[in-house]
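Structural overview for review
Here's the letter readout for the chains.
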Amino acid sequence: MGWDGGLDRRRQVGYIILANGLKGPKSSGTQKYTNRLKQMERETMLPTRGYAALQAGAALEPFTFERRPVGPHEALIRIRYCGICHSDIHQARDEWGGATFPMVPGHEIVGTVVKVGEAVKKVREGEIAGVGCFVDSCRTCASCSQGLEQYCEKGMILTYNGRDKNGEPTYGGYSTQIVVDENYLLQIPKTLALEGTGPLLCAGITTYSPLRHWGVGKGHKLAVVGLGGLGHMAVKIGRALGADVTVLSHSGGKRKEAERLGATEFAETGHKETFTSLARKFDFIIDTVSAPHDFNAYLELLKTDGTLILVGVPDQPMQIGAFGLILQRRRIVGSLIGGIRETQEMLDFCADHGITSDVEVIPMQQVNEAYERVIRGDVRFRFVIDLDSGI
Ligand SMILES: [Zn+2]
Ligand SMILES: [Zn+2]
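Small disclaimer: the values here were computed from a predicted structure and weren't measured. (Residues numbered from 1 in each chain as written. Chains lettered and ligands numbered in written order. Predicted model: local features only at pLDDT ≥ 70, side-chain atom pairs only at ≥ 80, totals over all residues.)

**Remarks on the overall build of the chain**
Under the convention used in this document: Numbering of helices and strands runs from the N terminus; a helix is a DSSP stretch of H or I covering at least four residues, while a strand is a stretch of E covering at least two. What counts as a contact here is a pair of residues whose C-beta atoms, placed from the backbone, lie within 7 Å.
Along the backbone of the chain there are 12 helices and 17 strands. Dimensions of the chain, computed from C-alpha atoms along their principal axes, come out at roughly 85 × 40 × 35 Å. Of all intrachain contacts in the chain linking residues separated by at least 6 positions in sequence, the fraction that spans at least 24 positions is 66%.

Below, the structure is given as structure tokens:
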């Protein structure tokens, strides 16, 4: 059965019911018949196959559920690729609390638009579209009004592990299709290789947004701490913005990769002397590491007025000494993904600079094995699920 086989079947059922109810599409019944058919089509739920964790920590397994019918301002996307983000694993295992199950993870989605509601302007059938970490927000608060939907005062509606405006659970991209409001869709430039584009919608924008917001560019020395899914995007984007990029990694194992990605220097943070030889060298540090580590040591690597940007999420609060900030007027800042407008800007920027994520493409059936490898840090640099290969 094709991805929309169920929809076709229901449409046929609709014809049969209508044919019986209205005694066939003839005379004055024709218009009524067409209208009713359109209405039924709108009301028809869309059977969808995916992979879900049925409870916290359970292995992901095949799961069938229904997407809502495509509304006037919505588009139906046949999902082609979906990246595996580390936060998928945290949430599927309920490591951040409050998770709802069954959970279909996935928020690095690219696919083909196969149906649009009658009022949709942003995308057309046959085009490639993307869906990132959220699918809606309140649209009226101060943050939403500025295009900063990720900081919505009422909370953005997450692509999965959330509740939509009708209170229904949201299901993510480890699935065959998704229905999304056009205002929360991204247009994917044609020149971007599709399999490496999904991760731009989380890892890409997570690093692009703070680098742009704090004005990282030509003449700046930028250090990237950690060379994983986020770090490798930070190197590529930092370089494309014109900064001189140094990778700070625990051991020397990723030196060659760092250079290949565009870093001009590489230093091992496992060596104490790194922190003396690089003292007060950087204008910016973007810290992508989620394991606990000493922020104070990194602060000392910043020049006067330097900025430590946190995008990693250690699960324990960190101790910060005031002197590290005060004596050189340094600052520590944080940043969360990006709004729709900025995410589109990032995609266009990446297309202009030929940037995608470095990925390992896997079939859906290997997702549990991929999770284990992500936890071990054994991936260069992002797993992407190929939904075309079937569920
Ligand atoms: Zn993510
Ligand atoms: Zn809002």
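**Observations concerning helix H5 (residues 203-213)**
Heads up, the condition is: Here a residue counts as buried when 20 or more other C-beta atoms sit within 10 Å of its C-beta, as exposed when there are 12 or fewer, and as partly exposed otherwise, the C-beta atoms being derived from the backbone.
H5 sits mainly inside the fold: nine of its 11 residues count as buried. Within the sequence span of H5, burial applies to Ala203, Gly204, Ile205, Thr206, Thr207, Tyr208, Ser209, Pro210 and Leu211. In the core, the buried residues of H5 are packed alongside helix H6 (229-240), strand S13 (282-287), strand S14 (302-310), helix H11 (340-353) and strand S17 (382-386). Of the residues trailing H5, Gly215 is marked for its positive phi of about 70°.

**So, the sheet that holds S13**
Convention followed: For two strands to be treated as a pair, DSSP must find no fewer than two bridges joining them. To obtain an axis, a line is fitted to C-alpha atoms, over the contacting stretch when the element is a helix, and the angle between two such axes runs from 0 to 180 degrees between their N-to-C directions.
In spatial order, the strands read S12-S11-S10-S13-S14-S15; together these six strands make up an open sheet with parallel pairing. The outermost strands of the open sheet, each flanked by one partner alone, are strand S12 (265-268) and strand S15 (331-334). Averaged over all pairs of adjacent strands, the angle between strand axes in this sheet comes to 20°, irrespective of strand direction. Note that strand S11 (residues 244-249) and S12 share four bridges and pair parallel. Within S12, the position partnered with Ser249 by the bridge is Glu268.

**Some details on the nonpolar core**
The following threshold applies: Connectivity within a nonpolar core runs through C-beta atoms within 7 Å, and the core itself is a set of buried Ala, Val, Leu, Ile, Met, Phe, Trp, Tyr and Cys residues.
With 97 residues, the main nonpolar core has Ala75, Val224, Ile285 and Ile286 as its most contacted residues. Leave out the neighbours within four places in its chain, and Val224 touches Gly231, Ala234, Val235, Gly238, Val245, Val247, Leu248, Ile286 and Thr288.

**Structural notes on H11**
Given 3.6 residues per helical turn, the α-helix brings residues three or four places apart onto the same face. Short version of the rule: One less than the residue count of a helix, multiplied by 1.5 Å, gives the span that helix is expected to have.
End to end, H11 covers 20 Å across 14 residues, agreeing with the expected 20 Å (1.5 Å per residue, within 8%). Of all the positions in H11, only Ile340, Glu342, Thr343, Gln344, Met346, Leu347 and Cys350 are classed as buried. Against the buried residues of H11 lie strand S9 (186-187) and H5. Looking one or two residues past H11, Gly354 carries a phi angle of roughly 60°, positive in sign.

**What about the environment of Glu66?**
On the secondary structure map, Glu66 appears in strand S2 (residues 61-67). For Glu66, a count of 13 C-beta atoms within 10 Å translates into the label partly exposed. Along the sequence, Glu66 and Gly228 sit 162 residues apart, while their C-alpha atoms lie 34 Å from each other. Here Glu66 is in contact with Met45, Leu46, Pro47 and Thr48, once residues within four sequence places are set aside.

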